[in-house]
Amino acid sequence: RAAEAERSALESQLRQAQKMEAIGQLTGGIAHDFNNILTSVIGYVVLGQERAEMLGDATLVRQLGQAQLAAERAKELIAQMLAFARRQKGDPRPLALTPLARQTLRLLRSTLPSSISLDAQWLDADAHGEATWVLGDPVQLEQILFNLCINARDAMDGVGRITVRLSGRHAARLTCASCRALIEGRWVELQVSDTGHGIAPQHLDRIFDPFFSTKAPGQGTGMGLAMVHGIVHDHGGHILVDSAPGRGAIFSVLLPPTAPAEAQAV
């Protein structure tokens, strides 16, 4: 029975890996072709703006400006799709997550309404010290925290609390929520929880799929958690999700620990 259970788990992990690879290839192909079209569209919009300015048509200048803003937002989405498809490795280096999280959350606070509180008091104490050093790309790790917090914000309909925690963790036979791999050993855990409406059981298997979103049309692209999946696994990490309808969600990112830079230099 144990062998059968292990084989079933490995088959599930393989199917998930194949699915994410196929989605990545499809996403990359669409993004590449659409990026070429979008570049041409933006070019013609800019030319139209220049001509409208020469003609002194203020209304047309304003309308073309809005068209350019929309095109630029589309370009940002295409960049996310390409990053997911290409699995860019970034520039990994030994770094402490506490200062990085402190800087990211400082920027994030300005995007939160006053009715949503951000609980991250541990950042000022930095109690974990050497336990939270990882080998990673700072820009990509910042994206992980930012995307998880924005997701938490959107799950609470404007009122609630986001809690961020950072610590060391020992895992014993846990299962990654996105790749289904078995997780064991020592990790650095970055945890983001919210007091939102939670995730329905039937959606848990799909939340990391690109373009899958439970938000209302026009309120999300469905790329946030897909980006988190790609970055975390490129860093050798895994993701845990604990959620149920009516009791919020807890996302735990587990990253391999590394020695502090000072110790490595010696």
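The rules behind these values
In this numbering scheme, every chain counts its residues from 1 along its sequence in written order. Since the coordinates come from a predicted model, pLDDT governs what is reported: local features require at least 70, and pairs of side-chain atoms require 80 or more to be given and counted, while whole-chain, interface and lining totals use all residues. Note that the side-chain values use all heavy atoms of the structure and ignore hydrogens as well as water. Every residue is assigned a pLDDT by the predictor, reflecting its confidence on a scale from 0 to 100. Helix and strand definitions follow DSSP, with helices as H or I runs of at least four residues and strands as E runs of at least two, each counted in order from the N terminus. Each residue after the first adds 1.5 Å to the expected span of a helix. Note on classification: 1.4 Å probe, protein chains only; a residue is buried when its accessible area is under 20% of the maximum for its type, exposed when over 50%, partly exposed between these limits. Within 3.5 Å is the distance limit for a polar contact, defined as a pair of N or O atoms, with the added protein rule that one can donate a hydrogen and the other accept it, and that residues adjacent in sequence qualify only through two side-chain atoms. By this definition, two strands are paired if DSSP reports at least two bridges between them. Cysteine sulfur atoms are paired as a disulfide whenever they come within 2.5 Å of each other. What is meant by a nonpolar core is a set of buried Ala, Val, Leu, Ile, Met, Phe, Trp, Tyr and Cys residues, joined one to another through side-chain atoms within 4.5 Å. In what follows, residue pairs with any heavy atoms lying within 4.5 Å of each other are defined as contacts.

Peer 1: Talk me through the confidence of the model for the protein; I want residue IDs and the actual numbers.
Peer 2: In the predicted model, the protein carries a mean pLDDT of 81, and 79% of its residues have values of at least 70. Mean pLDDT in the protein bottoms out at helix α7 (residues 261-265), which sits at 51, and peaks at strand β7 (residues 249-255), which reaches 95.

Peer 1: How would you explain helix α5 (residues 138-154) if you had to name every residue and give the values?
Peer 2: Taking 1.5 Å of rise per residue, 17 residues should cover 24 Å, and α5 covers 24 Å from first to last C-alpha, within 8% of that figure. Of all the positions in α5, only Q140, L141, I144, L145, N147, L148, C149, I150 and A152 are classed as buried. Its side-chain oxygen at 3.1 Å from the backbone nitrogen of V139, D137 defines the N-terminal cap of α5.

Peer 1: I'd love a proper account of the pairing of strand β4 (residues 160-175), names of residues and values included.
Peer 2: Where a strand is regular, its side chains alternate between the two sheet faces. When strand β2 (residues 116-119) meets β4, the two strands line up parallel, connected through 4 bridges. Paired with I116 across the bridge in β4 is G160. Bridge count for β4 against strand β5 (residues 182-194) is 12 bridges, and the pairing is antiparallel. The residue of β5 that forms the bridge with L174 is I183. Here β4 folds back onto β5 in antiparallel fashion, the turn holding 6 residues, of which R180 has a positive phi close to 70 degrees.

Peer 1: Could you give me a rundown of unusual backbone geometry, with the residues and numbers involved?
Peer 2: Phi is positive for R173, which is not a glycine, with a value near 55 degrees. Summarising the element assignment, R173 is placed in strand β4. A relative accessible area of 59% places R173 in the exposed class. The phi angle at R180 is positive, at roughly 70 degrees, despite the residue not being glycine.

Peer 1: Account for the state of the cysteines, with residues named and values stated.
Peer 2: Going through the model one piece at a time under the given rule, you end up with 0 disulfides. Sulfur of C179: no disulfide; nearest cysteine sulfur belongs to C176 and is 3.6 Å away. On the basis of relative accessibility, which here comes to 14%, the residue C179 falls in the buried class.

Peer 1: Requested: an account of the nonpolar core, with residues and values cited.
Peer 2: Formed by 39 residues in total, the largest nonpolar core has its most connected members in L97, I162, V164 and F251. At 7 residues, α5 tops the list of elements feeding residues into this core. The contacts of F251, once residues within four sequence positions are left out, are L148, L190, Q191, V192, I199, I207, F208, L225, I239, L240 and V241. Core analysis: the second largest hydrophobic core is formed by 8 residues, A171, I183, W187 and L240 among them.

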